[in-house]
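Remarks on the overall topology
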Amino acid sequence: FLPRIRFEQVANGTGTAAFSIATKGSAAAITEATGMSNTALTTANTTVAASEVGILRTVTKKASRFNVMGEAGLNAFIVEDGRKLCLEKMETDALAVVTSASTSVGTSGATMTLANAAGAISQGSINKMRGNTFFVWSTYQARDARAAIAVSSAPILQFIGGDRLMAGPDETGLTGYFAGKPVYETNLVPTASSDKVGVYATDGYTNPEYAPIGGALGWMPEPVQLVSAQLPGQQIAVTACYGFAEIADYCYVKIVTIG
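Keep in mind it's a predicted model, so treat the numbers as computed, not measured. (Residues numbered from 1 in each chain as written. Predicted model: local features only at pLDDT ≥ 70, side-chain atom pairs only at ≥ 80, totals over all residues. Heavy atoms only, no water.)

This part covers the overall build of the protein chain. Assigned secondary structure in the protein chain consists of 6 helices and 13 strands. On C-alpha atoms alone, the protein chain measures out to a radius of gyration of 23 Å, which is more than a quarter above the 18 Å that the 2.2 N^0.38 rule sets for 259 residues. Along the first, second and third principal axes, the C-alpha atoms of the protein chain reach 85 × 60 × 30 Å. Going through the 259 residues of the protein chain one by one, you find that 42% of them count as buried. Contacts in the protein chain between residues far apart in sequence, at least 24 positions, make up 76% of those at least 6 positions apart. Surface accessibility of the protein chain: about 13,900 Å² in total, with carbon and sulfur atoms responsible for 56%. Put simply, the protein chain has 18 plus and 20 minus side-chain charges, and the middle of one group is 4 Å from the middle of the other. (Helix = DSSP H or I, 4+ residues; strand = E, 2+ residues; numbered from the N terminus. Rg over C-alpha atoms; globule rule 2.2 N^0.38 Å. Buried < 20%, exposed > 50% of the residue type's maximum accessible area, 1.4 Å probe, protein only. Contact = heavy atoms within 4.5 Å. Areas by Shrake-Rupley, 256 points an atom, 1.4 Å probe, with all protein chains shown as cover. Lys, Arg positive; Asp, Glu negative; His and termini not counted. Charge placed at Lys NZ, Arg CZ, Asp CG, Glu CD.)

Okay, structure coming up:
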């Protein structure tokens, strides 16, 4: 989800990032030989605050010297693992925003269906969504969609990408395409009661003017190391700083089905 978020760098001295989207106006008829009156351009502004997340690990001198990876290998492993965990937290927090979408498809307590996916595309059209769009499904929603494909003999499935959806996710989380729209699968989507909440959304990176979610970026995961004589050894922390909020409600649709 993160590569498809619209990010803005946090401004110095504020700890926040601002996202502005023009409010829709309208053109008016012109009367012959009559001058037009000025119409102000208005914008909807959303301010997103950034806060820190991180993980701290302590490496004793004995552990550093005697582990099988060697001192440099252990340090590199801890830094890389911390980076991954910060990004996982970051992705989880970004996906949590999709519960704010005011439009939805699916039925609470019911399994995901292919009709839900088609309905999300239709609801997006009703919302007047624009730009490149994509799906993020929970692993349970992807499971139920595959089950629906497996028991169906409808020839249309070969045209909407049913065969690729059956193959499961690759290393990027891409699990296939539905009606030409990329479908990503993850277990990090938010939970609402007994349901999981997937999303159909505009790609905020390629279409920032239609981004549904804004990300305030302080910094991506960074390591900090401190040698301690008291241990003896060192402490290694990896931190990131960010925040997420809705900036355009009409550009995403949540998909609510049982988890």
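Let us now look at the environment of Ala 27. Position of Ala 27 relative to the elements: it lies in the loop between strand 2 (16-22) and strand 3 (43-49). Along the chain, Ala 27 and Met 129 lie 102 residues apart, while their C-alpha atoms are 21 Å from each other.

This part takes up the environment of Asp 203. Topologically, Asp 203 is positioned in the loop between strand 10 (195-202) and strand 11 (213-228). A sequence separation of 73 residues divides Asp 203 from Arg 130, and the C-alpha atoms of the two residues are 9.3 Å apart. If we skip the residues at most four places from it in the chain, Asp 203 touches Arg 4, Asn 132, Thr 133 and Phe 134.

Right, let's get into the pattern of salt bridges. Tallied over the entire structure, the rule returns 8 salt bridges. Among the ionic pairs, Arg 4 bridges to Asp 203, the shortest N-O distance being 2.8 Å. Placement of the pair is Arg 4 in the segment before strand 1 (6-9) and Asp 203 in the loop between strand 10 and strand 11, with a sequence separation of 199 residues. Measuring nitrogen to oxygen at the nearest pair gives 2.5 Å for the salt bridge that ties Glu 185 to Arg 146. Note that Glu 185 is positioned in strand 8 (residues 181-186) and Arg 146 in helix 4 (residues 139-150), a separation of 39 residues in sequence. Of the two residues, Glu 185 and Arg 146, both sit in the buried class. (Salt bridge = Lys/Arg side-chain N within 4 Å of Asp/Glu carboxyl O.)

So yeah, pure geometry; function would need other evidence.
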